Amino acid sequence: MQTAQFTWLRRVILTITILTGMVLSIKAVTEPDLWWQLRTGEWMLENKKVTTHDVFSYTYENVPWVNVKWGYEILQAVVAKYLGGAAMLPLLQVVITVFLLLLLLRTTGIFGRQLTNDNYKPAIGTALVIMLGLVVMEFRMTGRPEAVSHLLSAAFALLFISYRFTATKWIFLLIPLQALWANLHEAFGLGVIISVIFAAGTWFEFLFLKNSKFYTFSHEAKPQILTLAVAFSIIAISINPNGFDLLFHPLEIFSQLNRNKFTVELFSFTKKEYWTYQAYLALGMLVLTFLVLRDILQAQEGKQQPGFIFNAINKIGTGYLLFIAAMLYLTSSALRNVPFLITAILPLLAVGIDQKINQKLTATGKIKAAYFTVLAVACFFYLSVINNWYYSRFNTSSYFGFEVNAAQTPHGAASFIKKHHIKGKSFTDFLSSSYLLWYLQPGYKTYIDLRDLDIFPEIFFRNNFMLYQAPGNVFPVADEDMQFDYVVLLNDDIFRNVHQYMLTDKNFDLVYADMLASVYLRKTAGHSRIIRQFGYNNGEKDVFNEILPVSASSTGKVVTKIFNPFYKPRNYAEYNTLRYKSAYYTYLGVDIPRL
């Protein structure tokens, strides 16, 4: 099919697709992990050194802390300090998403030329597959350091397949990239696994398939050179603040992942919570990838051609097939790993869909209609994100714009504590503590936080979950030991029992609440004025407050309006109604105070 006259339109469609990936990355800050990471980055900038021991909790202060993602945390702090505040943290995700999509397009082009013809260029099928992939991956496009691992796993795969087909000297980029990975995210061990997989695949082909007349690898692609690059990349991991000790740290991380089953994102495919629409779509994309590749490879079989399996190895590579298998295993182990599978299969699926569409359009001649239809789909997807229609259907906890999501961030509770100069030890749940750590700096220290098993032992987490379930038995013991000055809890189902217990605890009174979080203050002489003014006192006062927005930065507004000129910061009036107040007191199991 001759589509040269549609080159400009193909480029426009792919550009809009990349822009859609960018706006999907520009979302209000919701992820609680970002706050302790930002605080850590700020601390390192202030103190001009990398954290090696815990400086943020009072329960495990000074315990050793191997902080692998220190480099990313400094980048977060730099963005917040110089580019418009915490609301601009998603900017890192925007940059990563753009580079990830460009890498995937590059990989798609390489496979397209191997599987179809030398003139192949990613077209409208690729755009459709990328859009689908973005829908699946969007829930992890939150600006967390894990985005670096998504990007670098795709970069490693591109380097290896480029070397297989062209023997490019760029393979030695593995060395600085692996060193970089070891200073940005704890999944750097995945780079070693990917490297070993591709090296093993290369040696297998070199030893057993090189004499086949059908084999198409570059004979200049020496496995010895590849192995050398891999070896030096593994050694490069030692270029970090922890030196050679980090070479063995992936074993500790793997152990933590096996023990840390306290959050849904770490549940494996054996748990029903794993099976979200993202998991089903990822599985569907994997099956579709197999089907379209089967059709392409079977069409190339003939009397003078090898069989299906050899064709798959020949055209795709043993290393890449093993890479897909490894990413499938990784994805099955935890829902949060879905993007790794998507980045592995997307280039092959894109080639297959391009080929299917090409065949269909060749038969029907409706090329122009097809291109403009996909253009309309791409434009609709983009517009649905910037006007939040997409989020209202697929991810209601997020919305478009460089701002902080006050409906998902305990800003009201933190502001109340800061305004009234409440000091001392706080008991907090593991989710709300991160924002308090950042907002109430420098004096605030956490009881528990989202650094998880990097700092807090498994038994400490288990005891806290026991407290959430049976506070009447556990909280008095913890309070006697710690002597908490105040308590901050999210109004989440998992903490309902604690809330209802706190209302009966004669040592504390509820002094603040909004739809997201509540603050309980110990009854002391120093707190008497605050309790007289704000205390719930068994229903004598209404403590429920309106959501307090986080001030949006001017930079965030300007940059957001580049992508949507009609953008306005979120209005939280919908949450400040009698319906939400009634829901809160119902959650507590009490009547609304009648004043």
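Cut-offs and rules
Residues numbered from 1 in each chain as written. Predicted model: local features only at pLDDT ≥ 70, side-chain atom pairs only at ≥ 80, totals over all residues. Heavy atoms only, no water. Buried < 20%, exposed > 50% of the residue type's maximum accessible area, 1.4 Å probe, protein only. Helix = DSSP H or I, 4+ residues; strand = E, 2+ residues; numbered from the N terminus. Pairing = 2+ DSSP bridges. Phe/Tyr/Trp six-rings, centres within 6.5 Å; stacked < 30°, edge-to-face > 60°. Lys NZ or Arg CZ within 6 Å of the ring centre and 35° of its normal. 1 Å grid on protein atoms, 1.4 Å probe; cavity = no way out; pocket = protein on both sides within 12 Å on 5 of 7 lines; lining within 4 Å. Points joined across faces, edges and corners; volume = space filled by probe spheres on them. Patch = residues over 30% accessible without salt bridge, like charges linked within 9 Å, V, L, I, M, F, W, Y side chains within 5 Å. Areas by Shrake-Rupley, 256 points an atom, 1.4 Å probe, with all protein chains shown as cover. Salt bridge = Lys/Arg side-chain N within 4 Å of Asp/Glu carboxyl O. Axes fitted to C-alpha atoms, helices over the stretch in contact; angles between N-to-C directions. Contact = heavy atoms within 4.5 Å. Polar contact = N/O pair within 3.5 Å; in protein donor to acceptor, adjacent residues only side chain to side chain. Lys, Arg positive; Asp, Glu negative; His and termini not counted.

S.K.: Please explain the pairing of strand E3 (residues 508-513) as it appears in this structure.
M.R.: Successive residues of a regular strand alternate their side chains across the two faces of the sheet. Of all six residues that make up E3, six are buried, and the element is covered over most of its length. As judged from the five bridges shared by E3 and strand E4 (residues 517-522), these two strands associate in the antiparallel manner. Within E4, the position partnered with Phe508 by the bridge is Arg522. Where E3 hands over to E4, the hairpin turn is made up of three residues, counted between the paired strands.

S.K.: Please explain the packing of aromatic side chains as it appears in this structure.
M.R.: The geometry of an aromatic ring pair is captured by the separation of the ring centres together with the interplanar angle, meaning the angle of the planes. Under the definition given, this model contains 50 aromatic pairs. Consider the rings of Phe111 and Tyr320, whose centres lie 4.8 Å apart with planes at 70°: the pair is edge-to-face. Here Tyr320 lies in helix H13 (residues 318-333) and Phe111 lies in helix H4 (residues 91-115), a separation of 209 residues in the sequence. In this structure, Phe111 and Tyr320 share a single accessibility class: buried. Across from the ring centre of Tyr439, 4.6 Å away, lies the NZ or CZ of Lys418, which sits over that ring. Above the plane of the ring of Trp65 lies Arg451, whose end atom (NZ or CZ) is 4.9 Å from the centre.

S.K.: Would you take a moment to explain empty space enclosed by the protein for this structure?
M.R.: One way to see where empty space is left: roll a probe the size of a water molecule over the atoms. Summed over the entire model, instances satisfying the criterion amount to four cavities of 30 Å³ or more. In this model, the second largest cavity occupies a volume close to 90 Å³. Along its surface, the second largest cavity is lined by Gln93, Ile96, Thr97, Leu100, Leu134, Met137, Arg140, Met141, Ala147, His150 and Pro339. The set of elements that each furnish at least two residues to the lining of the second largest cavity consists of H4, helix H5 (124-137) and helix H6 (146-166).

S.K.: Is there a simple way to think about a nonpolar patch on the surface in this case?
M.R.: A cluster of nonpolar side chains, contributed by Phe269, Trp275, Tyr280, Leu283, Val287, Leu288, Phe290 and Leu291, occupies part of the molecular surface with about 740 Å² of accessible area. Among the secondary structure elements, Trp275 is positioned in the loop between helix H10 (249-259) and helix H11 (277-299). For Trp275, a relative accessible area of 32% translates into the label partly exposed.

S.K.: Explain the sheet that holds strand E2 (residues 486-490) to me, please; I cannot follow it from the model alone.
M.R.: Adjacent strands of a sheet form backbone hydrogen bonds with each other and so pair up, either parallel or antiparallel. Here four strands make up an open sheet; going across it, the order is E1-E2-E4-E3 and the pairing mixed. Of all strands in the sheet, those with a lone pairing partner are strand E1 (426-428) and E3, marking the two edges. Across the sheet, the mean angle separating the axes of adjacent strands is 20° when strand polarity is ignored. Of the strands in this sheet, E2, E3 and E4 touch helix H17 (residues 411-419), which is tilted by about 120° from E3. Contacts from helix H24 (residues 578-588) reach E2, E3 and E4 within the one sheet, and its direction differs from that of E3 by about 155°.

S.K.: Where do I start with the pattern of salt bridges in this structure?
M.R.: It is possible for side chains bearing opposite charge to pair when their charged atoms get close. By the definition in use, this model includes 18 salt bridges. Close ionic contact of Asp33 with Arg144 constitutes a salt bridge, the shortest N to O distance being 3.2 Å. Taken together, the residues Asp33 in helix H2 (residues 33-47) and Arg144 in the loop between H5 and H6 connect sequence positions 111 residues apart. Since its relative accessible area comes to 10%, Asp33 is described here as buried. Arg144 sits in the buried class, given a relative accessible area of 8%. The salt bridge partner of Glu146 is Arg140, with a shortest N-O separation of 2.7 Å. As far as burial versus exposure is concerned, Glu146 and Arg140 are alike and both buried.

S.K.: Looking at this structure, I do not really get the environment of Ser233. What am I missing?
M.R.: With respect to the helices, strands and loops of the structure, Ser233 is situated in helix H9 (residues 223-235). The contacts of Ser233, once residues within four sequence positions are left out, are Leu174, Ile175, Gln178 and Ser195. A polar contact is formed between the side chain of Ser233 and the backbone oxygen of Val230, at a distance of 2.6 Å.

S.K.: Mind showing me how you'd approach the side chain of Glu403 here?
M.R.: Note on placement: Glu403 falls in the loop between helix H16 (389-394) and H17. For the buried Glu403, no salt bridge exists, and the shortest N-O distance to an oppositely charged side chain is 6.6 Å, to Arg570. Reaching out from Glu403, the side chain makes a polar contact with the side chain of Tyr567 at a distance of 2.5 Å. Among the polar contacts made by the side chain of Glu403, one reaches the main-chain amide nitrogen of Arg570 at a distance of 3.4 Å.

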